[in-house]
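# Examination of the molecular architecture
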Amino acid sequence: MEEPVRVPLANVSGPVSTSQAARGTGEGLHVQLDLLAAVRTQREMTFTPPRNIFAPPHPNDSMTTRANQSEFDSGLEHTLRQQEALAGLTQFHYLGFVRMEEGWRKKGELAVLTKNDDLHVVRTGETVEDHVVVKAITQESVTLQDRQLRVEHTVLLSEEAPVQP
């Protein structure tokens, strides 16, 4: 077998490249004066450091302090209202569980609750005192929820009668 013939590569199509065309005809570098002037004005501008949003507020930031104070006050007010609702729910006592026959079971079990001198016989989903909803009834406990504040409280079965004031 003969060795292949080696031929140098030549440009067959396209513009011919020469060393003079690569050097240019004296129009090579241009200085853009408007860009240099813009860079100079940027250097002369005063720099203000960015504000650290993760830093604790300074005592002299009155706007930030007022905003945080109002958020704190509204959160505190909401917490106090939740505590009042929970205190109202803790006044209920679970006296008994009424087991229904098989035909009545579809409507749910009945629970006997008392609050102060009032006696309530309720099912799951019923409303007591216009703002308390019975969420669940079991043999051991009843779960009540305040409708406005969505506070839940579980009342365990009382073994003794509630104390009369």
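Everything discussed here concerns the structure shown above.
Turning to the side chain of S141, a few remarks are in order. For S141, the location among the structural elements is in strand β6 (residues 141-146). Not counting residues within four places of it along the chain, the set of residues in contact with S141 comprises Y94, A136, T154, V155 and L156.

The next subject is the environment of L86. Structurally, L86 can be placed in helix α3 (residues 62-89). Assessed through its relative accessible area of 33%, L86 is described here as partly exposed. Separated by 59 residues in sequence, L86 and Q145 have C-alpha atoms that sit 9.0 Å apart. Setting aside chain neighbours within four positions, we find L86 in contact with V151, E152 and H153.

Quick look at the sheet that holds strand β5 (residues 132-137) now. The four strands are arranged β4-β5-β6-β7 in an open sheet whose pairing can be described as antiparallel. Among the strands making up the open sheet, the edge pair consists of β4 (127-128) and β7 (152-156). Examined bridge by bridge, β5 and β6 share five bridges and lie antiparallel to one another. Looking at β6, one finds that V134 is bridged to L144.

Reading guide: rules and limits
- Residues numbered from 1 in each chain as written.
- Predicted model: local features only at pLDDT ≥ 70, side-chain atom pairs only at ≥ 80, totals over all residues.
- Heavy atoms only, no water.
- Helix = DSSP H or I, 4+ residues; strand = E, 2+ residues; numbered from the N terminus.
- Contact = heavy atoms within 4.5 Å.
- Buried < 20%, exposed > 50% of the residue type's maximum accessible area, 1.4 Å probe, protein only.
- Pairing = 2+ DSSP bridges.

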